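# Coordinate analysis (summary)
Okay, here's what each chain looks like letter by letter:
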Amino acid sequence: MSRSGGGGRRPDSRHDQPTQAPAPPFQRGTDRGSHYGSGAAPSSSHAASTSTAPAPSSPSISASAPSSSSVSTLVEETEQKLTLAALAAATPPPSSSQAVGFPVRPGFGTVGRKCVVRANHFMVQLAERDIHHYDVSITPWVTSRKINRQIISQLINLYRLTDLGERIPAYDGMKSIYTAGPLPFESKEFIINLPDSDPRPSSSTRLRERQFRVVIRLASKPDLYTLQQFLRRRHFEAPYEVIQVLAVVLRAAPSEKYLTLTVLIKVSLLEWLINEMMNFCIRHTVVGRSFFSTDLGPMGQLGDGVEYWRGYFQSLRPTQMGLSLNIDVSASSFYEPILVTEFVQNYCRDLSHPLSDEVRLKVKKALKGIKVVLTHREYNNSHKITGISSQPMSQLMFTDDSATRMSVIQYFRERYNIALQFTSLPALVAGSEARPIYLPMEMARANAYNEDTLVNKEFGIQVADDLTSVDARILPAPMLKYHETGREASVNPGFGQWNMINKKMFNGGRVEVWTCVNFSTRLNRDVAFQFCQGLVDMCNSKGMVFNLRPVIPISSSNPNQIEKALVDVHNRTTQQGKQLQLLIIILPDVSGSYGRIKRVCETELGIVSQCCQPRQASRLNMQYFENVALKINVKVGGRNTVLVDAVQKRIPLVTDRPTIIFGADVTHPQPGEDSSPSIAAVVASMDWPEVAKYRGLVSAQAHHEEIIQDLYKSIQDPQRGFVHGGMIRMLLMLFHLCARDGVGERQFSQVLLHEMNAIRQACASLEEGYAPPVTFVVVQKRCRTRLFPAENNRCDLTDRSGNILPGTVVDTEICHPTEFDFYLNSHAAIQGTSRPTRYHVLYDENRFTADGLQVLTNNLCYTYARCTRSVSVVPPAYYAYLAAFRARYYIEDETSAGGSTDGNRSTAERNLAIRPLPVIKDNVKDVMFYC
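Residues numbered from 1 in each chain as written. Predicted model: local features only at pLDDT ≥ 70, side-chain atom pairs only at ≥ 80, totals over all residues. Heavy atoms only, no water.

The name an unreviewed UniProt entry gives the chain is Protein argonaute 5, with Citrus sinensis as the organism.

This is how it looks when you write it as structure tokens:
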């Protein structure tokens, strides 16, 4: 089962446009990954399972299944096996029977040509220190790490030489400090006076002081010895607490630097807002585990009021060679420090008229969750935006503290003597639903940010200056099989890419009933006809059987009446007693309708569609026709290419016996969308032994829930008895391989226990005693490890862009000290530095060898259906990623059209309101509709 996910930035909405198949993109404005010592975040995963005998096909809900007691017994056995058996072959035994043991490395790979690469890992040496952990309590409670750091920094400056016994603590910004020896007390209270950086009008000539009560109490004594034993492979539980301490120490200096400078810049920015005298400033900020600053490299404009800054990321990791500091270059997007009215002009030039519903929703989505600074007061007051009002300010009324009903316009005129100019615009909404705060857009500005003694001397940490040299191997590319009627029936790709010249698809799909709708006003009917004719000719030349004539004439429709046009096409086809197999759609000239088209086609009408950009359609380009033909073929049930080894049944453990490869992913809503559910997707191969055709299912679940909840479910029905269902059960006929994406390392145990139990229950519900062997692999596509050629001038070790070659695999120095993981660079980067994916085996009943799993993973990366390139993430996980994002379009209108939401709602309250996704029609689910 392949699991892909982790919340990510919304990819280009036109997923079925021809692409060079980039890896799933990052989320804008954040840096997310899965790393020791810095919290867990979504990453990628994959998994596998093998079955000795096929299980019967079944619908998603069935009452004819084994008893619940037999299922429970099997689940208990699975839990016990997961918890205790994985390290049974290792000596010494695990240090804790409560921890889930992951498979030990079965050895190192040997297949491929040996080489040396450099990795962005830096060796870390530790001196003996007596680490102490202290809890920190600050009253009144402060949520801002920036203010917390100011308070503790002031405390250290005042008391380091006295009460702190000359110790320099490392602070995590919230509730913990760490020292390299004991403090002179076990518990002590301090009173800290902090200057107020937001002076009120009554005290504008001097800074007010705020008083905080800080209590420091001894919490624990993390032991460096356990880390040393773990790195020497004598201890099998990663000592996360110790690694967290060291990570906090290494992050302390840059965190203090950037957060302190941020305060200075905000004061300078306030002066600029009042006096309009400041023309330049340096801005700094921290996002997740990354540090960004305008002095770390040139900024760039991304449009729509967004700019990008450069920065760096760091994470401390245990590896085979010892502790390693992983440092990577980052870039992230930030809103420019401009008035919100200027930002809105990127969407609507004329602000004298009310915004259309479409523009209002776009603006709401762009602004929700960001902080704005008000400019109409003498002090720097910021608010977090929760939405925008549905009414323009000219109609917006509220009740003030004296129970007087008044308009927003009247309030600003009477209270601040300000006559608002853009009264036709909606107001920004902050606060809660119970007590909303209305902010005029013209009064709000998007917020902007402006040799280590602690590390080296206090904690005795030394970090190497050079990149680490690592032994690697270059795996050979697989032979790919095409149809025998083509002039080339097979191909051996070079540098991770090939083409379709002289080749025909392995299985060409058949399209008898089709038509085209053109929603572009720039393309006339003749161009649309020529485009369809060229596309149909290309499909036929590549091995498909494509009817030359559409079932109804190609038509042009009003882009403002998309749903009506789609329903009309469906009705006209069904009136002829035919089922539309494919609808070619030329999209409107203005973006924003792709999701609505897919929702209507796939969940309401049961139509498989192929969307095309009008700009591309007008060019009548042969390469474009070929790329679209690849997508159309798999959408109508065909297969573009398969592995020669799969056809000849020469893939160990996969072609030896009937096998399904599953892929899974969970995608999360963008930051600020606290009313949207997370969406899980599971895909499964349906064509053993070729394993190239995947059926997909999707399900909504709790907001930001990473564990897939709907793999298996059962209910007690009064009439039918014990009823079984779930995505795995619906897809399951036999089980072999499972790849799971989107899991952070701190979540491994939880995800494995829950999802393996669901898999076992689904199997047992199909047939008494049915328990096929499973291999469960996590795929971490967002890992921050980068691999570089050791010698840049050798053409046998680099590709045309100077990157390491596709197929480069590393399972030695920078990998886990004991567990079964590896880094694989399976693709050729189109631009920039290629990004390897990390694969981590959590469960392996099939007993894969290192070579067996590495070669299988690399070979599968050449079977991705949407292009003639190898991809960076194994296809089952990639397909699940695409399916999950496709499903988000089904609910996008519902979750985006409402008013403001209460950002203070609890997770439990949000989870109560999970709406099920619209059901995808059966004929759509049967094919790879998400490609």
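That shown, we press on.
### Quick notes on the nonpolar core
Membership of the largest hydrophobic core comes to 90 residues, with the highest contact counts inside it found for Trp514, Phe531, Phe546, Tyr879 and Tyr930. Considering every element that reaches this core, the biggest residue donor is helix 18 (residues 875–896), with 12 residues. In this view, Phe546 contacts Val511, Trp514, Val536, Cys539, Asn540, Leu582 and Ile632; residues no more than four positions away in its chain are not counted. Core analysis: the next-biggest nonpolar cluster, separate from the first, contains 27 residues, Val124, Tyr178, Ala238 and Leu246 among them. (Core = buried A, V, L, I, M, F, W, Y, C linked by side-chain atoms within 4.5 Å. Buried < 20%, exposed > 50% of the residue type's maximum accessible area, 1.4 Å probe, protein only. Helix = DSSP H or I, 4+ residues; strand = E, 2+ residues; numbered from the N terminus. Contact = heavy atoms within 4.5 Å.)

### Regarding the confidence of the model for the chain
Confidence along the chain averages 79 in pLDDT terms, with 74% of residues attaining 70 or more. Long-range and interchain partners of residues 258–283, a stretch whose pLDDT sits below 50, account for 61 contacts in this model, where long-range means more than four residues apart. When the criterion is pLDDT under 50, residues 894–912 qualifies, and its contacts beyond four places in sequence or with other chains add up to 31 contacts. (pLDDT = per-residue confidence, 0-100.)

### Thoughts on the packing of helix 9 (residues 525–541) against helix 13 (residues 622–635)
Between helix 9 and helix 13, the shortest axis-to-axis distance is 9 Å and the interhelical angle comes to 65°. Viewed along their axes, helix 9 and helix 13 form a crossing whose handedness is right-handed. For the pair helix 9 and helix 13, contact is made by Phe531, Gly534, Leu535, Met538 and Cys539 and by Met622, Tyr624, Phe625, Glu626, Val628, Ala629 and Ile632, respectively. The residue makeup of the contact of helix 9 with helix 13, split by class, is 10 nonpolar, one polar and one charged. (Axes fitted to C-alpha atoms, helices over the stretch in contact; angles between N-to-C directions. Left-handed = near helix turned anticlockwise from the far one by under 90°. Nonpolar A, V, L, I, M, F, W, Y, C, P; charged D, E, K, R; others polar.)

### Re unusual backbone geometry
Thr139 connects to Pro140 through a cis peptide bond whose omega is 0°. Structurally, Pro140 is set in the loop between strand 5 (132–139) and helix 2 (145–159). The step from Trp688 to Pro689 runs through a cis peptide bond, and the omega angle for that step is 10°. Unusually for a residue other than glycine, Asn502 sits at a positive phi of about 65°. Locating Asn502 in the fold gives a position in the loop between strand 26 (490–491) and strand 27 (510–511). Relative accessible area serves as the criterion here: at 29%, Asn502 is assigned to the partly exposed category. A positive phi is found at Leu620, a non-glycine position, where the angle reads about 55°. Among the secondary structure elements, Leu620 is positioned in the loop between helix 12 (614–617) and helix 13.

### What about helix 7 (residues 408–416)?
Looking at helix 7, one finds that the buried residues are Val408, Ile409 and Phe412. Projected down its long axis, helix 7 carries its buried residues within an arc of 110°, all on one side. Across from the buried face of helix 7, at angles greater than 90 degrees, the exposed residues are Glu414 and Arg415. In the core, the buried residues of helix 7 are packed alongside strand 18 (397–399), strand 19 (405–407) and strand 21 (436–439). Count one or two residues on from helix 7 and you reach Asn417, which has phi positive near 55°. (Arc of directions from axis to C-beta.)

### So, the packing of aromatic side chains
According to the stated counting rule, one finds 18 aromatic pairs in the structure shown. Here the aromatic rings of Trp498 and Tyr862 are separated by 6.1 Å at their centres, their planes lie at 25°, and the arrangement is stacked. One end of the pair, Trp498, is in the loop between strand 26 and strand 27; the other, Tyr862, is in the loop between helix 17 (850–860) and helix 18, and 364 residues separate them in sequence. Summarising the burial analysis for this pair, Trp498 and Tyr862 share the class buried. Relative to Tyr879, the ring of Tyr694 lies with its centre 5.3 Å away and its plane at 55°, an arrangement referred to as tilted. Taken as a pair, Tyr694 in strand 36 (residues 694–701) and Tyr879 in helix 18 lie far apart in primary sequence, 185 residues in all. When its relative accessible area of 3% is taken as the criterion, Tyr694 is described as buried. Looking at Tyr879, the relative accessible area reads 1%, which means it is buried. What links up through ring pairs into an aromatic cluster is the set Tyr694, Tyr864, Tyr878, Tyr879, Tyr881, Phe885, Phe929 and Tyr930. (Phe/Tyr/Trp six-rings, centres within 6.5 Å; stacked < 30°, edge-to-face > 60°.)

### Looking at the pairing of strand 20 (residues 426–431)
In terms of burial, strand 20 is largely enclosed, as five of its six residues are buried. Relative to strand 21, strand 20 runs antiparallel, the two sharing four bridges. Opposite Leu428, over in strand 21, you have Leu439 as the bridge partner. Hairpin connection of strand 20 to strand 21: four residues between the antiparallel strands. (Pairing = 2+ DSSP bridges.)

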